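Architecture and fold: a report
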Amino acid sequence: MTTAPDVRVLRKTGLVPTIRVWDPVVRVFHWSLAGAFFAAYLLGDGGGAWHQALGYAALGLVGFRLVWGFVGGRYARFANFMPSPAKFLGYVRAMLARGEPRHLGHNPAGAAMIIALLVGIAVTSISGWMMTTDALWGVAWVQGTHEWAANLTLALVGLHVAGVIYVSWRHRENLVRAMLTGRKRAG
Ligand code: HEM
Ligand code: HEM
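Now for a quick tour of the structure. (Residues numbered from 1 in each chain as written. Chains lettered and ligands numbered in written order. Predicted model: local features only at pLDDT ≥ 70, side-chain atom pairs only at ≥ 80, totals over all residues.)

1. Section: the site of ligand 1
Spelled out, the test is: In this analysis, residues qualify as near a molecule or strand once their C-beta atom, positioned from backbone atoms, comes within 6 Å of it. Secondary structure elements are defined from DSSP: runs of H or I of at least 4 residues count as helices, runs of E of at least 2 residues count as strands, and each element is numbered from the N terminus. Polar here means any residue outside two lists: the nonpolar Ala, Val, Leu, Ile, Met, Phe, Trp, Tyr, Cys and Pro, and the charged Asp, Glu, Lys and Arg; Gly therefore counts as polar.
Near ligand 1 there are 23 residues, and of these Gly 44, Gly 47, Gly 55, Gly 128 and Ala 150 occur at the shortest range. Within the residue set of the shell around ligand 1, elements represented by two or more residues are helix 2 (24-42), helix 3 (49-71), helix 6 (108-131) and helix 7 (140-170). Considering every element that reaches the shell around ligand 1, the biggest residue donor is helix 6, with six residues. Looking at the shell around ligand 1 residue by residue, the classes come out as nine nonpolar, 12 polar and two charged.

Given below as structure tokens:
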């Protein structure tokens, strides 16, 4: 009888079978969105032309991702990872009991964060655009929404990165590298 090789032994030999999970579009989208968001945030003061261009780029990327969620690769599709309250709570409960399963695609907590990040960036950019219109220029609640949405989204990004580090540690795999190469351990 043959037994499956131990993954820790395989890893030492560099022979761990991997599978492509993130298609190139998702990877380019991800790092472009992160770059556009950070750059727009850092150039926020005064809302100059570069700031606005980067903000529109981030909004364009979010819009593009919504389309890719229907036509992209298997793990890019919303149908593959769309979270629900039941799935989210089930996963969090399993996490608290330190028994959450590994997911090849996005896990339910990560998926909920993805939706929150996409919404956060859309609200930030749209409120930014509103500030530049004649009708809403100088209106306090619009400015306040823009500032709040930008800061809240930044806080969510911090939580997102913390989640990535935690799951990488729990399942002994480098998820950041996976978002660069597209590949993850098969089993
Ligand atoms: C990812 C997208 C964006 C982020 C993260 C972002 C972030 C910020 C931040 C942090 C500020 C400084 C707020 C403050 O402390 O006063 C700011 C200001 C501003 N943003 Fe954005 N922004 C984004 C998109 C946009 C867009 C698309 C526009 C317009 C087309 C825009 C227009 C402005 C303007 C006009 C200000 C200056 C507000 C003022 O002087 O009080 N932003 N933004
Ligand atoms: C502004 C900053 C960021 C934003 C808006 C953002 C947004 C997102 C989004 C939307 C996804 C889903 C990808 C998709 O299916 O299209 C994602 C996944 C991911 N992000 Fe980020 N991200 C940011 C920064 C970062 C940083 C700095 C890191 C690494 C340190 C990171 C690591 C990852 C990883 C590893 C995944 C895949 C998670 C998984 O395995 O389920 N992200 N991010």
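2. Side note on the site of ligand 2
Near ligand 2 lie 21 residues; those nearest to it are Ala 34, Phe 37, His 106, Leu 175 and Met 179. Going through the elements one at a time, helix 2, helix 6, helix 7 and helix 8 (175-181) are the ones with two or more residues in the shell around ligand 2. With seven residues, the top contributor of residues to the shell around ligand 2 is helix 2. Class assignment for the residues of the shell around ligand 2 results in 16 nonpolar, four polar and one charged.

3. Considerations on the nonpolar core
Rules: In this description, a nonpolar core means buried residues of the types Ala, Val, Leu, Ile, Met, Phe, Trp, Tyr and Cys, linked to one another by C-beta atoms lying within 7 Å. With C-beta atoms placed from the backbone, a residue is buried if 20 or more other C-beta atoms are within 10 Å of its own, exposed if 12 or fewer are, and partly exposed between those counts.
Of all hydrophobic cores here, the largest spans nine residues; its members are Leu 33, Ala 36, Phe 37, Ala 40, Leu 54, Ala 58, Leu 61, Val 62 and Ile 121. Looking at this core, the elements with two or more residues in it are helix 2 and helix 3.

4. Brief notes about the packing of helix 2 against helix 3
This is how it is decided: Where helices are involved, their axes are fitted lines through C-alpha atoms of the stretch in contact, as for all axes, and angles between N-to-C directions lie from 0 to 180°. Roughly parallel refers to an angle under 35 degrees, roughly antiparallel to one over 145, roughly perpendicular to one between 65 and 115, and oblique to any angle outside these ranges. Rotating anticlockwise by less than a right angle from the far helix to the near helix defines a left-handed crossing, while the corresponding clockwise rotation defines a right-handed one. Note on contacts: each residue gets a C-beta atom placed from the backbone, and two residues are in contact if those atoms are within 7 Å.
Helix 3 packs onto helix 2 with a crossing angle of 150 degrees between their chain directions and a minimal axis gap of 9 Å. By the angle between their directions, the pair helix 2 and helix 3 is classed as roughly antiparallel. In this structure, helix 2 crosses over helix 3, and the sense of that crossing is left-handed. Residues Val 25, Phe 29, Ser 32, Leu 33, Ala 36, Phe 37, Ala 39 and Ala 40 of helix 2 form the contact with helix 3, whose participating residues are His 51, Leu 54, Gly 55, Ala 57, Ala 58, Leu 61, Phe 64, Arg 65 and Trp 68. Along the lines of polarity and charge, the residues of the contact of helix 2 with helix 3 split into 13 nonpolar, three polar and one charged.

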